[in-house]
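# Structural characterization, general
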Amino acid sequence: MIQVKFFASVRERVGTEALRLPWPERGATVAEVLALAEGEAGVTLRGAHVLAAVNLQHASFSSVVRDGDEVAFFPPVTGG
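Cut-offs and rules
- Residues numbered from 1 in each chain as written.
- Predicted model: local features only at pLDDT ≥ 70, side-chain atom pairs only at ≥ 80, totals over all residues.
- Heavy atoms only, no water.
- Helix = DSSP H or I, 4+ residues; strand = E, 2+ residues; numbered from the N terminus.
- Rg over C-alpha atoms; globule rule 2.2 N^0.38 Å.
- Buried < 20%, exposed > 50% of the residue type's maximum accessible area, 1.4 Å probe, protein only.
- Core = buried A, V, L, I, M, F, W, Y, C linked by side-chain atoms within 4.5 Å.
- Contact = heavy atoms within 4.5 Å.
- Pairing = 2+ DSSP bridges.
- Axes fitted to C-alpha atoms, helices over the stretch in contact; angles between N-to-C directions.
- Expected span 1.5 Å × (residues − 1).
- Arc of directions from axis to C-beta.

Of the regular secondary structure elements, the protein chain holds two helices and seven strands. Scanning the protein chain from its N terminus toward the C terminus, one meets helices and strands in the order β-α-β-β-α-β-β-β-β. For 80 residues, the compact-globule formula gives about 12 Å, and the C-alpha radius of gyration of the protein chain, at 12 Å, lands near that figure. Here the C-alpha coordinates of the protein chain stretch approximately 40 × 25 × 20 Å along the principal axes. Considering the protein chain as a whole, with its 80 residues, one finds that 38% of them fall into the buried category.

Put into structure tokens, the structure is as follows:
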């Protein structure tokens, strides 16, 4: 299983704070997890400004995700 979490405006757009997705036997990248989550939630996030993290570490969309990982999607954050 892959635990997928959504934060801030991404969570509002998806309509839930988390999804549990079955592990694809062939493996997956962050981009593929995003596509699976979009399909499950019935929304499109690609094209929006979305960042990703795997197990609390910033990750690129080409990063490999392993069974049991937590993948989070969130908007860019600024501070001041």
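Let us look at the nonpolar core. Counting residues in hydrophobic clusters, the biggest one holds 21 residues, and the most contacted among them are Val4, Phe6, Val30, Val33, Leu45, Val71 and Phe73. Sorting the residues of this core by element identifies β1 (2-6), α1 (8-14), β2 (18-21), α2 (30-41), β4 (51-54) and β7 (70-74) as the ones contributing at least two each. The leading source of residues in this core is α2, at four residues. Other than its neighbours up to four places away in sequence, Val30 contacts Ala52, Val54, Ala59, Ser60, Phe61, Ser63, Val65, Val71 and Phe73.

The next thing to look at is the pairing of β1. Among the five residues that make up β1, four are buried, leaving the element largely enclosed by the rest of the structure. In the sheet, β1 pairs with β2 via four bridges, with the strands oriented antiparallel. Directly across from Lys5, in β2, lies its bridge partner Ala18. Strand direction decides the pairing type here: β1 and β7, joined by four bridges, are parallel.

Right, let's talk about the sheet that holds β1 for a bit. Read from one edge to the other, the open sheet built from five strands follows the order β2-β1-β7-β4-β5, with strand pairing classed as mixed. Single-partner strands in this sheet number two, and they are β2 and β5 (57-59). If you compare each strand with its neighbour and ignore which way they point, the axes differ by 30° on average. Contacts from α2 reach β1, β2, β4, β5 and β7 within the one sheet, and its direction differs from that of β2 by about 110°.

The subject of this paragraph is α2. The end-to-end C-alpha separation of α2 is 16 Å, in line with the 16 Å expected for 12 residues at 1.5 Å each. Those residues of α2 not exposed but buried are Val30, Val33, Leu34, Ala37 and Glu38. End-on view of α2: buried residues confined to an arc of 140°, all on one side of the axis. Just beyond α2, the residue with positive phi is Gly42, at close to 75°.

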